[in-house]
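Below are the chains, spelled out letter by letter.
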Amino acid sequence: MEDSHSNTAAVQATNDDASASKLSCVKKGYMKDDYIHLFVRRPVRRSPIINRGYFARWAAIRKLLYQFLDVEKKSDEDPPIKKQILSLGAGFDTTYFQLQDEGKAPYLYVEVDFKEVTSKKAALIETCSPLRNKVDETAVISREKGEVFSAHYKLLPADLRDVQQLSAIITHAGLDPSLPTFIIAECVLIYLDPDSTRAIVGWASQTFSTAIFFLYEQIHPDDAFGQQMIRNLENEYISHFHSILGSFIKLELSFPDI
Ligand SMILES: C[S@@+](CC[C@H](N)C(=O)[O-])C[C@H]1O[C@@H](n2cnc3c(N)ncnc32)[C@H](O)[C@@H]1O
């Protein structure tokens, strides 16, 4: 946890980059997302290779999420299967709002990120009616705490490098470790040191009895997609860029067989 403040800010800013790229992808018709524009202040047009890369990422997670959410009870007499989704480093991801529209939202959807990010997301949920309408009327929204607390959706702040904070989230959010749980780590663990990543994966396997751990990360910084992504990050966050590139390289060195 010895990262400087500026590195942490650079890692948080990758969320803005992801949101802008998703919006670019939506505008070109690669994917549907009726909410992402609410999270982007400066829309940008990405190159086709980035749009395609984001489409692949979106399609991969969608396919697996639907497989998980569509598993049905075995007989009519059985009660409906309660399911949970836990999104680590969720950023401004809008999957919860989309699943609500599709009538597929699980019993409980929990999102976790740094407080600086969850505070901004909580503020947007509070003030944008398309988002506000998707959490129940009695939801408690606190920008100061960076929290949204509703019956089926919870947004909470935590530093993923501190596994004890993750354990506290289980209780605070009302996650039931015995329920089927889909854990999302989408372009997040790459920004952590390998020991923290190992600790999170170990924590998840010890905590949940039936879980899917969905991991999607950027690798191969020297292929065409990697090069373009690095150029984008370089243009937007020039002063912190090397710490981000360092994350890619650390990942490749620590897990060379991926
Ligand atoms: C590239 S964004 C991805 C956001 C989202 N998962 C998506 O796919 O759109 C990385 C996110 O991970 C979060 N993150 C990185 N390290 C974190 C940590 N130690 N604790 C909490 N969040 C973290 C950042 O704040 C950021 O929102």
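Going by an unreviewed UniProt entry, the protein carries the name Leucine carboxyl methyltransferase 1 homolog and comes from Glycine max. The Catalytic activity (unreviewed entry) field of the UniProt record for the protein holds the comment "[phosphatase 2A protein]-C-terminal L-leucine + S-adenosyl-L-methionine = [phosphatase 2A protein]-C-terminal L-leucine methyl ester + S-adenosyl-L-homocysteine". UniProt, in its Function (unreviewed entry) section for the protein, records the words "Involved in brassinosteroid (BR) signaling."

Another point: helix α2 (residues 48–69). For α2, which comprises 22 residues, the first-to-last C-alpha distance of 31 Å matches the rise-based estimate of 32 Å (1.5 Å per residue) to within 8%. Three or more residues of α2 are buried, namely Asn51, Gly53, Tyr54 and Trp58. Looking straight down α2, one finds its buried side chains confined to an arc of 160°; they lie on one side. For α2, the exposed residues set more than 90 degrees away from the buried face come down to Pro48, Ala59, Lys63 and Gln67.

In most cases, non-glycine residues show a negative phi, while peptide bonds are predominantly trans. The phi torsion at Cys187 lies on the positive side, around 55°, for a residue other than glycine. For Cys187, the location among the structural elements is in the loop between β6 (181–186) and α7 (194–207). Judged by the 18 C-beta atoms lying within 10 Å of it, Cys187 is partly exposed.

Calculation notes
- Sequence order sets the numbering: in each chain, residues are counted from 1 along the sequence as written.
- In keeping with the predicted nature of the model, local features appear solely for residues at pLDDT of at least 70, side-chain atom pairs appear and are counted solely at 80 or more, and the whole-chain, interface and lining totals rest on all residues.
- UniProt positions are given in the numbering used here, feature names are shortened, and annotations may be inferred rather than shown by experiment.
- Numbered from the N terminus, helices here are DSSP runs of H or I no shorter than four residues, and strands are runs of E no shorter than two.
- A helix is expected to reach a length of 1.5 Å times the quantity of its residues less one.
- We call a residue exposed when 12 or fewer other C-beta atoms sit within 10 Å of its C-beta, buried when the count reaches 20 or more, and partly exposed for counts in between; the C-beta positions come from the backbone.
- Note that the arc is computed from the directions linking the helix axis to the C-beta atoms.

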